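Descriptive structure summary
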Number of protein chains: 2
Amino acid sequence: MQKDTPEQRAAHEERVRLASGCMPTEDEVATMAARFKAISEPSRLKILFALACGELCVEHITQAVGGNQSAVSHQLKILKDNKIIRARRNGKQVMYSISDGHVMTMLSVAKEHLGCNE
Amino acid sequence: MQKDTPEQRAAHEERVRLASGCMPTEDEVATMAARFKAISEPSRLKILFALACGELCVEHITQAVGGNQSAVSHQLKILKDNKIIRARRNGKQVMYSISDGHVMTMLSVAKEHLGCNE
DNA sequence: TTATCATATGAATAACAATTCATAAGATAT
DNA sequence: ATATCTTATGAATTGTTATTCATATGATAA
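Residues numbered from 1 in each chain as written. Chains lettered and ligands numbered in written order. Predicted model: local features only at pLDDT ≥ 70, side-chain atom pairs only at ≥ 80, totals over all residues. Heavy atoms only, no water.

1. A word on the sheet that holds strand β1 (residues 56-57) of chain B
All names here are of chain B. Note the threshold: By definition, two strands form a pair when at least two bridges between them are found by DSSP. Strands are runs of DSSP state E lasting at least 2 residues, helices are runs of H or I lasting at least 4, and numbering of each runs from the N terminus. We call two residues contacting when some pair of their heavy atoms lies within 4.5 Å. Fitting a line to C-alpha atoms yields each axis, with helices limited to the stretch in contact; the angle taken between N-to-C directions then spans 0 to 180 degrees.
An order of β1-β3-β2 is seen for the 3 strands of this open sheet, with the pairing classed as antiparallel. The open sheet has two edge strands, β1 and β2 (85-90), and neither has a second partner. Bridge count for β1 against strand β3 (residues 93-98) is 2 bridges, and the pairing is antiparallel. Pairing of Cys-57 across the sheet is with Met-95, part of β3. Here helix α3 (residues 42-51) sits on the sheet in contact with β1, β2 and β3, set at roughly 90 degrees to β3.

2. Quick word on the pairing of β2(B)
Residues and elements named next belong to chain B. Two elements, β2 and β3, share 6 bridges in a ladder whose sense is antiparallel. Across the sheet, the residue bridging to Ala-87 is Tyr-96, located in β3. Linking β2 to β3, which pair antiparallel, is a turn of 2 residues; within it Gly-91 sits at a positive phi near 65 degrees.

3. Brief notes about the sheet that holds strand β3 (residues 93-98) of chain A
Residue and element names in this part refer to chain A. Strand order in the open sheet formed by 3 strands is β1-β3-β2, with antiparallel pairing between adjacent strands. Each having just a single partner strand, β1 (56-57) and β2 (85-90) make up the two edges of the open sheet. Across the sheet, helix α5 (residues 69-81) lies against β2 and β3, angled at about 115 degrees from β2, the strand it touches most.

4. Re the relation of the copies chain B and chain A
Going by this rule: We superpose the copies by least squares over the C-alpha atoms of residues that have a pLDDT of at least 70 in both of them.
Superposition record for chain B on chain A: RMSD 0.1 Å, screw rotation 180 degrees, translation along axis 0.0 Å. Such values leave the two copies arranged in the relation of a two-fold axis. Take the interface residues of chain B: 100% of them recur as interface residues in chain A, which is what a same-surface contact looks like.

Scope: geometric values only; no functional claims are made or implied.
Structure representation (structure tokens):
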């Protein structure tokens, strides 16, 4: 079998170099991965779709998605730590909401992508 | 402490009902969660950023992201099974590429979201 | 055919994450 | 102050997932 010519080898190296150049830093990749992971569990994704309709307190979130209060609270913490949602206290309750438009975009793009089966 | 009035209680139920109405089906949530999970590992996210610059074969991907061939191959399978990337054979090589625009959107939105620290 | 290159896969281990239970903490009312 | 309502947290268990190694498969060339 033919070995690559020096030109081909250079082209390969160039492609790898280009791809490496597209790469965010290790820290950036780690942060993005953690945020995707935060929204990659069915129970947490359900919480987000519930919050997409508007701010809710923990009890209402729990009712909307099912499950128990403790589990929901743990999940809310993960979402909050990853800047996916935000919290504000209102008396005895804590109200949660989607943190910004990027998250809403993710949700709608994910839903659209469901149609793509190829 | 005051109990909720019937009106307040009805308002609460309405909010929960509304939130539940925003909810995709169980199957849809499961699929979306699985796809987010596919892109939520640093090594796989790196692969995607490499492919964002254009089609690459396995060896080049491996060089671009580091790690060994077997690990990369396992990760490519997960991405492919979740419709995040596609594969085409070209002689002895298999060329991988981002499957569609939704994925590219996800990557750029994720990168933008890095700037949001609140 | 055999040899070689490129990629994929199965099985085992090791790291990680989700859920549950029990309980703590924070806020308000009495 | 105490009681109650709401949410958060720590620890333990259970279930998942990533990575590695060894090897299989698939394609081309000699």
